[in-house]
Amino acid sequence: MLTSLRSDLIYLWLCATTALCMGMVLNQFRDTPLPWIYQSKAERLQDSVNRISANIPAPATTLPATLPATLPEKLSLQEFSAFVDGNQGLILDARPEIFHRLGHVPGALSLARDDFEKSYTGIKSQLESNREQPLVIYCASASCEDAELVKKSLAALGFTNTSIFVGGWSEWTKANKPEESAQ
Amino acid sequence: MSNKTISDPAPTAISESFECESLKNTDAASSECLTRTVRKNDLLNHPWFLILIRIALGGIFLYAGATKIINPQAFADSISTFQMLPPQFINLIALGLPPFEVILGIQLLLGWKLRAGLLAALLLALVFVMAIGQGIARGLPIDCGCFGSSEPSVLSAWFSFGRAFLLAVASAWAFSRADRA
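Parameters and conventions
Residues numbered from 1 in each chain as written. Chains lettered and ligands numbered in written order. Predicted model: local features only at pLDDT ≥ 70, side-chain atom pairs only at ≥ 80, totals over all residues. Axes fitted to C-alpha atoms, helices over the stretch in contact; angles between N-to-C directions. Helix = DSSP H or I, 4+ residues; strand = E, 2+ residues; numbered from the N terminus. Parallel < 35°, antiparallel > 145°, perpendicular 65-115°, else oblique. Left-handed = near helix turned anticlockwise from the far one by under 90°. Contact = placed C-beta atoms within 7 Å. Nonpolar A, V, L, I, M, F, W, Y, C, P; charged D, E, K, R; others polar. Buried ≥ 20, exposed ≤ 12 C-beta atoms within 10 Å, placed from the backbone. Pairing = 2+ DSSP bridges. Right-handed = clockwise from strand over helix to strand, strands pointing away. Core = buried A, V, L, I, M, F, W, Y, C linked by C-beta atoms within 7 Å.

**Thoughts on the packing of helix α2 (residues 41–53) of chain A against helix α7 (residues 146–156) of chain A**
Residues and elements named next belong to chain A.
Alright, step 1. Put simply, α2 and α7 touch, their axes get as near as 10 Å, and they point 30° apart. Classified by the angle between their axes, α2 and α7 sit roughly parallel to one another. Crossing of α2 against α7: the hand is right-handed. The segment α2 lies against α7, with Lys41, Ala42, Leu45 and Val49 engaging Leu149, Ser153 and Ala156.
Alright, step 2. Each residue belonging to the contact of α2 with α7 can be placed in one class, and the counts come to five nonpolar, one polar and one charged.

This is how it looks when you write it as structure tokens:
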């Protein structure tokens, strides 16, 4: 019994080692291989921000002469609805791009937390046209952290007039508000 | 069920047959109770039942591994929500565990090295139960990451805990049967 258990455990150890080797080899063929040491979402975002900020002009040179009204830190559903209806600034969707494609708040641009650098580059011209323009960010729900992380990253890039729609996509859809999806 | 089977139940049903006898009801009620017990044990002892559990476990592990192989970064983020491992180990687990689950799933489906496969399923399920259990005990919003990533929450952690517990029970039962065989 003990001998067979030992041989089973040796076999499993070999299987685990093989699996780890397979995982490591597969990883080398990915577009963005996983590094050996884990980086948290915030650390990865910070890296993206550092790379982006190395390629953009200093924020002070792009400040407009007149500043728009400052947004509160967080917006409720009613405030956000008014913001969307009034077309008062840019709306940014911090969820993964695939979810943005499936459905988003009308007019919202994708600025995905998990692929920040690529998303930012895609909407760079709209964002950098005015660094003081009001930006409202949302993610999946009140419990997700993506909107908060994107807000911090935008602040590091010189965008100061930012706010978060706390309820996120979940509250927006529950309230039967209009949706838009990619063609 | 024949009278012979009723009067000569399987050894595992002996304690239950005592319960039936202790009913002190009519002979007919006692006999019916004993028949139910023997039928239940017949089902559990049936070779097809072990095959069914083995295939179910294999399918679960194969599916779980395949969904995680696609996006190891999301799985690494899920592991980090458990707050159990240092950063040096998180990505190694995120890279190694999904292929291991795929190998295990295929092995269980094929029935090759069954005892070792069921032992691995049992050990993995126990690790899942302990990992999720410690997260619940600490009140952490966990994203189990079992079948791809989702939004971390305490409620989903309870659901994952129940699922891992059932997996552990099924694996333990199948392992005990495979061991006898």
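**Describing the environment of B:Tyr63**
All names here are of chain B.
Alright, step 1. Here Tyr63 is to be found in helix α4 (residues 47–70).
Alright, step 2. What makes Tyr63 partly exposed here is the crowd of 16 C-beta atoms within 10 Å.
Alright, step 3. Spatially, the C-alpha atom of Tyr63 lies 9.6 Å from that of Pro98, the residues being 35 residues apart in sequence.

**Some thoughts on the pairing of strand β5 (residues 162–165) of chain A**
Residue and element names in this part refer to chain A.
Alright, step 1. Burial along β5 is two-sided: the face carrying Thr162 and Ile164 and the face carrying Ser163 and Phe165 are both buried.
Alright, step 2. In this structure, strand β1 (residues 74–75) lies alongside β5, joined through two bridges in parallel fashion. Note on β5: the bridge partner recorded for Leu75 is Phe165.
Alright, step 3. Here strand β4 (residues 135–138) runs beside β5; their pairing, made up of three bridges, is parallel. Bridging from a neighbouring strand, Val136 pairs with Ser163 of β5.
Alright, step 4. Crossover connection from β4 via α7 to parallel β5: handedness right-handed.

**So, the interface of chain A and chain B**
The parts lose accessible area when they come together, and the size of an interface is often stated as this lost area.
Alright, step 1. Listed as interface residues are 22 residues of chain A and, on the opposing side, 24 residues of chain B.
Alright, step 2. Of the residues contributing to the side of chain A that touches chain B, the split by class is 15 nonpolar, five polar and two charged.

**Considering the nonpolar core**
Alright, step 1. Grouped together as the largest cluster of nonpolar side chains are 41 residues, with contacts concentrated most on B:Ala94, B:Ala121 and B:Ala125.
Alright, step 2. Of all the elements in the fold, those that place two or more residues in this core are α4, α5 (72–80), α6 (87–110), α7 (114–137) and α8 (154–180) of chain B.
Alright, step 3. No other element matches the 11 residues that α7(B) contributes to this core.
Alright, step 4. Those residues in contact with B:Ala94 that lie beyond four places of it in its chain are A:Leu34, B:Pro72, B:Phe75, B:Ala76 and B:Ile79.
Alright, step 5. Formed by 28 residues, the second largest nonpolar core is a distinct cluster that contains A:Phe80, A:Ile91, A:Leu135 and A:Leu154.

Nothing here speaks to function; it is all geometry.
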